[in-house]
Structure formats: C-alpha cells, structure tokens
Amino acid sequence: MAKATSTHDFSIGSVWKIIVRMAIPMTLAQLINILYNVIDRMYIGHIEGAGTLALTGLGLCLPVISAVMAFSRLSGMGGSPLCAIERGKGDLHEAEMLMGNSFTLLLIFAAGLTIFGEIFLQPLMYLFGASDSTIGYAMEYGRIYLAGNVFVLISLGMNGFINAQGFARIGMATTLVGAVINIILDPIFIFLFHWGVKGAAAATVIAQGCSALWVLLFLTGKKAELKLRVRCMGLEAKRVGRILSLGFSGFVMAMTNSIVQVVCNSVLASFGGDLYVGVMTVIGSIREVVSMPVHGITSAAEPVLGFNYGAKRNDRVLQAIRFVTCVAVGYSVGVWVLIRAIPGPMISIFNDDPALISAAIPALNLYFITFFMMAMQFAGQSTFLSLGKSRQATFFSIFRKVIIVVPLTILLPRIPGIGVQGVFLAEAVSNVVGGLCCFGTMVLTVYLPMKIGLREP
C-alpha cells in the first residue's frame, strides 16, 4: 500500500497548529463561498423601489439552495472523511476509488435536481410562503440556480477532497475564484444590464462554474496526491453505501435546515407577512457569515481527526477535540457580544428599509441569545462525522432541527403575548437543548472512552 506523504502527515507535529494552519484558509474559503449568496442578497435588497420584496422572494429560494447543498454534502461530506481515514491508513488506492464514486454520485444528483426543479418549483414556492407579490422574484432566481446546480455540486462536493489531502490553500482558492467573479458580475448583471434577480442568479451560476472547473483541474493535475480518475468513477455498491451512510448526516443537516426555513417562512408569512419573511432572510444571512469561523475550525479538524483515528493516534484525536471545542465556544460568545452591540448596522448591510430594521433588531437579538451553545453542537457533530460515526451524527442533526425547532416554530407563535417572535425564540431554545445533548453524548461515548483507553497499560 502507498503511504501518505510526510508533507501532509497529520500524525506529526502540534495538533492545534495543524488545525489552525488548515482552518485559516478553510474558513476564508467557506466565508467566500457564503458570499456567493450573501452578496446576491446585499445587492438585491438595495434594488430601488423593489428591494424588500425582491429580498423576500430570494429568501423563499433559500430552502432550495439548502437542498442543493444537502446533496453536495451527501456525496462530498460522505466521501472526503472516508478518504482521509483511508489516507491515514496508507491505502491511497481506496481513497481514490471513494473520490471517483463520490463524483459520479454528484453528477446523478445534479441531473435529478434540475428535472425536479423544472416540474415542481412554482408550487413549492407557494408552499414555502410566497405571495403574489413575491412569486415572480422567487421563480426568476430559482429556475436559473437549479439549471446550473451541477456546478454548485461539483465545486462544493469535490472541494472537500482537496482539503482531505492537506491542500487547504488550494481549497480556499476554489471559492475565491468563484467569489471574485460573482462580485464582479453581480452589479453588472443586476444594475447595468437591469436583469434584477435574474442577473444575481446568472452571476452565481457562472461563478460556480468557474469554481467547479478549478476543482477538476486540480484533482486531475500533477500536484494532487489523490487524483480523480475515470477508472475510479464506476459505482460500486459497498463504496456507495459507505459514502451515503456517512454523508447522510451532512445531508440531513442541510435538508433539515431547508425544512426549518420552509416552516419559518410559512409561519412568518402567516403571522407577520412578507416583511418578516424578509427579516428572516436578513437574519439567516448574518448567521451564515458569523458561523463561518466555527464551521472553518471544525472542518479543518475533520481531516486531522480522521487521519489520526485511522492511524490509531487517539491521544492526538483527544487534543483536537479539546482545542476545537474551546475555540468554537469562545468565538461564539464574542459574536453574541458583537451582535448585541451593533445590530442596526449589521442589518442595514442587506436592507435599509426603516420598517424592516425596526422589526429585525429584536428578532436578531432573540435569535442569537444562545448562539454559543450551538458551537457545542458543531464540535460534537464534527467529531462524530470525522470518526465515521454516522448514526450519532445523523440523529443529532434530526434531533435539533426536526424534533425541537420545527414543533416550537409552529407552537410558540400561537401563545398569547409571543406571536411572531416565537419563530426566533424557537432557534434559541434548540441551541441549548441540542448543543448540550450532542456534545454530552460525544463526551460520554467518544472522548471519555478514548481517554480511559490511553490510561490502561
């Protein structure tokens, strides 16, 4: 069996330094990736005379975007941790086979999503809370985005295989290339060509196409240790089962996000109208941005955890868990302080309508009040995922979103005196319950048994 190169051997050197070295470019990469959609919302929210309604229409498409990302995770987050584990064992052939099978799955998912969108997009938009005032904007963005979803799937799903090999800077460049193109094209298409929402969608698809090309060029090039080869793309049932089993957790996380967005938009449309759907779009955009460093540090830890777990270096696995947890929780507390200090300016980045800002400030403060507890969920979830424990990772994805958030989102607004604020309170409650349960289970079933095992002679 071939061995991993020493340059990217995660069993050598300081664990926290390796994670930080990986985390900086990976965090920037994920932040840049989020900018694809966030920048769209920033420009759309400032379209003269139609910004608020257009922003609301785009917000109605967020469940669709989450669904596309879910399928990228099903294959990418399923294959790349397994790839890291096999690389840690020294079996580079199996690592390449896993990569090739993951790529084929992404192409199949892309074709299915395009067909599904053409048939069912309009009824879905009405189901998600669209009104006659916002349906046009939602359809314009959704149709173009789904038509180009193959580029989104490849750029997001395959980038994890670059990071799994230790090339975090190349992974960052994947998203940087697309983001720069998106930033340039957005104002041209939206304002200069007067394409509005359609221009934002077109800019996003073109930019993701460039990112996808970058990924493919690297993974088929000379620098990659593990290469994307045609002979590895033939689906094999056992490998596909392993990929889908582990990736199901990330899939569920993204799909439950989609479900929650649908339920929130529907309830908000009933209790607060189009204005509050716009408020949730802004809050969701802020959350995506401020969550990125937490996602970055946990994503950077995943290949390190997986490699050392495969290499049977449990002492280094424990070090990584401790470091990630402390950094994630500390950062999240800082974010909460910042949001409490300057909520208005953060909201006005996306829309400067006084009515929307007035409604969004109390909602934002309530939504983020327990954000630091969510960091514990991230830490526990990434540990389970990195070590191939798909059942636990999947359960806690479902538990927080489906079992806690969805029922509370439906029930709390109906309590006298709470009303529309119940939608934002539901998220705060779920952070506490979900974070404690996920992290506590990880400590009891992973961390403590490993620690005890190291003490035994």
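Residues numbered from 1 in each chain as written. Predicted model: local features only at pLDDT ≥ 70, side-chain atom pairs only at ≥ 80, totals over all residues. Heavy atoms only, no water.

### As for the overall build of the chain
Selection rule: Helix and strand assignments follow DSSP, with helices taken as H or I runs no shorter than four residues and strands as E runs no shorter than two, numbered in order from the N terminus. Each radius of gyration reported is based on C-alpha atoms, and the globular scaling rule is 2.2 Å times the count of residues to the power 0.38. A 1.4 Å probe rolled over the protein chains alone gives each residue an accessible area, and that area as a share of the maximum for its type sets the label: buried under 20%, exposed over 50%, partly exposed in between. In what follows, residue pairs with any heavy atoms lying within 4.5 Å of each other are defined as contacts. Positive charges come from Lys and Arg alone, negative charges from Asp and Glu alone, with His and the N- and C-terminal ends not counted. One atom stands in for each charge, and that atom is NZ of Lys, CZ of Arg, CG of Asp or CD of Glu.
In terms of regular secondary structure, the chain is built from 16 helices and zero strands. The globule rule puts the C-alpha radius of gyration for 457 residues at 23 Å, and the 21 Å found for the chain is close to it. Looking at the chain residue by residue over its 457 residues, the buried ones come to 59%. The contacts of the chain with a sequence gap of at least 6 include a subset with a gap of at least 24, amounting to 84%. Here the chain carries 31 positive and 21 negative side-chain charges, and the mean point of each set is 12 Å from the other.

### So, the packing of aromatic side chains
So the rule is basically this: Think of it this way: a Phe, Tyr or Trp ring, Trp meaning its six-membered ring, pairs with another when their centres are within 6.5 Å, and the plane angle makes it stacked under 30 degrees, edge-to-face over 60, tilted otherwise.
Tallying each qualifying case throughout the model produces 17 aromatic pairs. When the centroid spacing of 6.1 Å and the interplanar angle of 15° are considered together, the rings of Y141 and Y145 count as stacked. Placement of the pair is Y141 and Y145 together in helix α5 (residues 135–147), with a separation of four residues, close to one helical turn. The same class applies to Y141 as to Y145, namely buried. Aromatic pair F395 and F396: ring centres 5.0 Å apart, planes at 80°, arrangement edge-to-face. One aromatic cluster in this structure is built from F71, F109, F248 and F251.

### What about the confidence of the model for the chain?
Heads up, the condition is: Summary of the metric used: pLDDT quantifies the predictor's per-residue confidence within the range 0 to 100.
Averaged over the chain, the pLDDT score is 88; the fraction of residues at 70 or greater is 97%. Predicted confidence is poor over residues 1–7, with pLDDT under 50, and the contacts of this stretch with residues over four places away or in other chains come to 15 contacts.

### Observations regarding unusual backbone geometry
Located in the positive-phi region is H194, a residue other than glycine, with phi close to 60°. With respect to the helices and strands, H194 occurs in the loop between α7 (168–192) and α8 (197–219). According to the relative accessible area criterion, H194 is exposed, its value standing at 67%.

### Here's the deal with the pattern of salt bridges
Our working rule: By salt bridge we mean one thing: a side-chain nitrogen of Lys or Arg within 4 Å of a carboxyl oxygen of Asp or Glu.
Inspection of every chain in the model, using the stated rule, returns twelve salt bridges. Measuring nitrogen to oxygen at the nearest pair gives 3.1 Å for the salt bridge that ties E94 to R239. Here the residue E94 occupies a position in helix α4 (residues 92–127), and R239 occupies one in helix α9 (residues 237–271), the gap between them amounting to 145 residues. For E94, a relative accessible area of 13% translates into the label buried. Two residues, D315 and R313, come together in a salt bridge whose shortest N-O distance is 3.1 Å. A network of salt bridges, in which partner residues are shared, links E86, K89, E94, E236, R239 and R242.

### Overview of helix α2 (residues 51–60)
Burial within α2 is extensive, with eight of its ten residues counted as buried. Within the span of α2, buried status applies to G51, A54, L55, T56, G57, L58, G59 and L60.

### Remarks on the packing of helix α14 (residues 371–386) against helix α15 (residues 390–411)
How we decide: Each axis is a line fitted through C-alpha atoms, and for a helix only the stretch in contact is used; angles between axes span 0 to 180 degrees, taken between their N-to-C directions. Relative orientations are named as follows: roughly parallel for angles under 35 degrees, roughly antiparallel for angles over 145 degrees, roughly perpendicular for angles from 65 to 115 degrees, and oblique for any other angle. The residue classification treats Ala, Val, Leu, Ile, Met, Phe, Trp, Tyr, Cys and Pro as nonpolar and Asp, Glu, Lys and Arg as charged. All others, Gly included, are polar.
Between α14 and α15, the shortest axis-to-axis distance is 8 Å and the interhelical angle comes to 150°. One finds that α14 runs roughly antiparallel with respect to α15. Residues M374, Q377, Q381, F384 and L385 of α14 lie in contact with α15, whose contacting residues are Q392, A393, T394, F396, S397 and R400. The class makeup of the residues in the contact of α14 with α15 is five nonpolar, five polar and one charged.

### Things to note about the packing of helix α11 (residues 314–341) against helix α16 (residues 421–455)
Just so we agree on the cut-off: It is the rotation of the near helix from the far one that decides the hand of a crossing: anticlockwise by less than a right angle makes it left-handed, clockwise makes it right-handed.
In the contact formed by α11 and α16, the axes pass within 9 Å of each other and the chain directions differ by 145°. Two packed elements cross with a definite hand, and for α11 against α16 that hand is left-handed. Counting all contacts with α11, which are made through N314, D315, V317, L318, I321, R322 and T325, the residues of α16 involved are F439, M442, V446, Y447, M450, K451 and L454. For the contact of α11 with α16, a count of residues per class yields nine nonpolar, two polar and three charged.

### Remarks on the side chain of N159
So the rule is basically this: Polar contacts here mean pairs of N or O atoms no more than 3.5 Å apart (in protein, one a potential hydrogen donor and the other a potential acceptor; neighbouring residues in sequence count only if both atoms are side-chain atoms).
Structurally, N159 is set in helix α6 (residues 149–163). On the basis of relative accessible area, N159 is assigned to the buried category, the value being 8%. Of note is the side chain of N159, whose polar atom sits 3.1 Å from the backbone oxygen of G171.

### Quick look at a nonpolar patch on the surface
Rules: Note on patches: the residues involved have over 30% relative accessible area and no salt bridge, like charges join within 9 Å, and the nonpolar side chains Val, Leu, Ile, Met, Phe, Trp and Tyr join within 5 Å. Here the open area of atoms and residues is found with the Shrake-Rupley method and a 1.4 Å probe, where only the protein chains shown may cover a residue.
A cluster of nonpolar side chains, namely V333, W336, V337, I369 and F372, defines an oily patch on the protein surface of about 390 Å² accessible area. Here the element with the most residues in the nonpolar patch is α11; it accounts for three residues. Mapping V337 onto the fold places it in helix α11.

### Let's talk about the environment of P407
Relative to the elements of secondary structure, P407 occurs in helix α15. Spatially, the C-alpha atom of P407 lies 33 Å from that of A147, the residues being 260 residues apart in sequence.

### Some details on helix α10 (residues 274–310)
What counts, and what does not: An expected span of 1.5 Å times one less than the residue number is assigned to each helix. Note that bend, as reported per residue, equals the angle between axes fitted to the 7 residues terminating at that residue and the 7 residues originating from it.
If you check α10, its first and last C-alpha atoms are 50 Å apart, about what 37 residues at 1.5 Å a residue would give, namely 54 Å. Along its length, α10 shows its largest kink, about 40°, at S291, and proline P293 lies within four residues downstream of that point. For α10, a buried count of 31 out of 37 residues is recorded, marking the element as mostly surrounded by other parts of the structure. One or two positions beyond α10, positive phi appears at K312, with a value near 60°.

### Here's the deal with the environment of F396
With respect to the helices and strands, F396 occurs in helix α15. The class for F396 is buried, based on a relative accessible area of 6%. As for F396 and G434, which are separated by 38 residues in sequence, their C-alpha atoms are 7.3 Å apart.

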